Amino acid sequence: MAEFDESDLPDPSLKNIIEQESLQWIFVGGKGGVGKTTTSCCLGAQLAKTRKKVLIVSTDPAHNLSDAFCQKIGREPTPIQGFTNLSAMEIDANDDMEKMQRSMEEATGDGDDNSGVSSLMAELTSSIPGIDEAMSFAELMKQVQSLDYDVVVFDTAPTGHTLRLLSFPTILEKALGKVMELKDRFGGLIGQASAMFGSNPGQMQEMLVGRLEETRAVINKVNDAFQDPDLTTFICVCIPEFLSIYETERLVQELSKFGIDAHNIVVNQVLFPEKDAEELGEWFEENKAKLPKEAKEICGKMMARKRMQDKYIGQCFDLYGDDFHVVLMPLLDFEVRGTEKLLDFSENLVDPVDLEES
């Protein structure tokens with residue numbers, strides 16, 4: 001592992017997150033398959049020890065909170081078994097868009113599948129990629145803000161989706177421009193078509209523009225909160241492999257560009273974080289003559305993996321060690337599922353492995 005003086009580094013734990021009582025929004029993100037959900041659940045469990053009410057929200061279309069806690073979690077905040085002050089919910093962007101479209105159709109008295117509302121929404125979604133997620137996210141934020149939670153932990157989708165989430169204010173500006181353009185260019189045509197289906201085109205367009213304006217106001221307000229380091233922070237999650245470290249670097253740069261605070265990195269699936277590859281290598285060389293052939297092969301593969309991990313952990317400390325709290329989470333012999341195992345594993349976030357002990 002690369003040489004560094006641990007005493008000069010920020011504390012390698014997430015105690016700083018737990019102790020910062022002003023935080024209201026905590027995002028957990030990174031590449032797919034690096035343990036974001038486990039990290040989110042463990043962080044939620046630790047926050048529940050010091051906060052009155054904690055909510056974990058999954059914005060990843062492939063929800064895993066139910067699997068992690070071993071209980072059914074739905075679209076409404078669901079109390080987590082074993083806690084009195086921790087809840088979780090899983091949201092779906094497509095469902096939110098359909099619900100929004102239905103409410104607009106009901107308001108305009110237009111329930112036909114070939115309605116003007118459907119056509120306009122389809123045109124908008126195809127013209128501005130991400131508008132469905134933006135409007136869904138605004139609905140989510142309105143719902144979350146109306147609930148009485150001290151802190152919300154977002155278990156986000158893989159990096160690309162998360163970065164789009166941060167660009168929603170820009171997307172909504174484009175959407176409003178597109179709606180006005182459609183209104184100007186096709187007003188007459190939409191009017192004729194809507195009249196054929198018994199719709200009120202003016203009312204429909206006003207409603208859509210009104211909904212977008214409302215969405216923009218919510219997201220701009222949320223965006224201001226996200227750029228306040230007293231209220232919001234982002235935890236980057238990775239594993240000690242090239243692609244994951246590279247993705248983390250890209251994520252940190254993008255977060256900086258959007259003005260979002262990030263000063264914590266969780267490195268999951270670390271083999272023997274308290275041991276050094278050289279130290280293990282010396283043991284292996286001394287003892288491999290006594291080992292059966294299969295054991296030599298197994299230990300050889302483990303040593304190769306350990307050396308590779310140490311190289312990337314060293315790079316991680318070189319890149320971020322001076323400014324970031326870098327937390328090493330051990331690879332276990334079992335899956336971390338269920339409240340009890342999550343609580344046990346979560347201790348590693350606040351009581352880190354001592355790298356100087358061996």
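Residues numbered from 1 in each chain as written. Predicted model: local features only at pLDDT ≥ 70, side-chain atom pairs only at ≥ 80, totals over all residues. Heavy atoms only, no water.

(A) Main features of the side chain of Asp310. With respect to the element layout, Asp310 can be found in helix H12 (residues 293–320). Take Asp310: its relative accessible area is 2%, and that puts it in the buried class. Separated by 3.0 Å, the side chain of Asp310 and the backbone nitrogen of Ala277 make a polar contact. (Helix = DSSP H or I, 4+ residues; strand = E, 2+ residues; numbered from the N terminus. Buried < 20%, exposed > 50% of the residue type's maximum accessible area, 1.4 Å probe, protein only. Polar contact = N/O pair within 3.5 Å; in protein donor to acceptor, adjacent residues only side chain to side chain.)

(B) Fine view of the sheet that holds strand E1 (residues 25–30). Spatially, the 8 strands line up as an open sheet ordered E3-E4-E2-E5-E1-E6-E7-E8, and their pairing is mixed. The outermost strands of the open sheet, each flanked by one partner alone, are strand E3 (78–79) and strand E8 (325–330). Direction of pairing for E1 relative to strand E6 (residues 232–238): parallel, over a ladder of 6 bridges. Each bridged residue has a counterpart across the sheet, and for Ile26 the counterpart in E6 is Thr233. Lying over the sheet, helix H10 (residues 242–257) contacts E1, E6 and strand E7 (264–270), oriented at roughly 165° with respect to E6. The sheet strands contacting helix H13 (residues 339–350) are E7 and E8, and the helix crosses E8 at an angle near 145°. (Pairing = 2+ DSSP bridges. Contact = heavy atoms within 4.5 Å. Axes fitted to C-alpha atoms, helices over the stretch in contact; angles between N-to-C directions.)

(C) Highlighting the packing of helix H2 (residues 36–47) against H13. Two elements in contact, H2 and H13, have axes whose closest approach is 8 Å; the angle formed by their N-to-C orientations is 85°. With respect to each other, H2 and H13 are oriented roughly perpendicular. Only Leu342, Leu343, Phe345, Ser346, Glu347, Leu349 and Val350 of H13 make contact with H2, whose side of the interface consists of Thr38, Thr39, Cys41, Cys42, Leu43, Ala45 and Gln46. For the contact of H2 with H13, the per-class residue count stands at 9 nonpolar, 4 polar and 1 charged. (Parallel < 35°, antiparallel > 145°, perpendicular 65-115°, else oblique. Nonpolar A, V, L, I, M, F, W, Y, C, P; charged D, E, K, R; others polar.)

(D) Here's a closer look at the packing of helix H11 (residues 277–287) against H12. With their axes 9 Å apart at the nearest point, H11 and H12 run at an angle of 160° to one another. Here H11 lies roughly antiparallel to H12, going by the angle between them. For the element pair H11 and H12, the recorded crossing hand is left-handed. Residues Ala277, Leu280, Gly281 and Phe284 of H11 touch H12, and the partners they reach there are Lys296, Cys299, Gly300, Met303, Lys306, Arg307 and Asp310. A class-by-class count of the residues in the contact of H11 with H12 yields 5 nonpolar, 2 polar and 4 charged. (Left-handed = near helix turned anticlockwise from the far one by under 90°.)

(E) Examining the state of the cysteines more closely. Scanning the model with the defined rule gives 0 disulfides in all. Left without a disulfide partner, Cys238 is nearest to the cysteine sulfur of Cys316, which lies 5.0 Å away. Classification of Cys316 by relative accessible area gives buried; the value is 1%. (Disulfide = S-S within 2.5 Å.)

(F) The arrangement of the pattern of salt bridges in detail. Under the criterion given, the structure shown has 7 salt bridges. With its nearest N and O atoms 4.0 Å apart, the salt bridge here joins Glu279 to Lys275. Lys306 is the salt-bridge partner of Asp310, the closest N and O atoms lying 3.2 Å from each other. On the criterion of helical spacing, the pair formed by Asp310 and Lys306 is a turn pair, its members being 4 residues apart in helix H12. (Salt bridge = Lys/Arg side-chain N within 4 Å of Asp/Glu carboxyl O.)

(G) A look at the pairing of E6. The element E6 is largely enclosed, with a buried count of 7 among its 7 residues. Alternating residues of E6 divide into Thr232, Phe234, Cys236 and Cys238 and Thr233, Ile235 and Val237, and every residue in both groups is buried. Both E6 and E7 contribute to a ladder of 4 bridges, which runs parallel. Looking across to E7, one finds that Cys238 is bridged to Val267.

(H) Representation of the side chain of Gln309 within the structure. With respect to the secondary-structure elements, Gln309 resides in helix H12. Not counting residues up to four positions away in its chain, the partners in contact with Gln309 are Pro240, Gln269, Val270 and Leu271.

(I) Geometry of the environment of Leu328. For Leu328, the position within the fold is in strand E8. With 57 residues separating them in the primary sequence, Leu328 and Leu271 have C-alpha atoms 9.6 Å apart.

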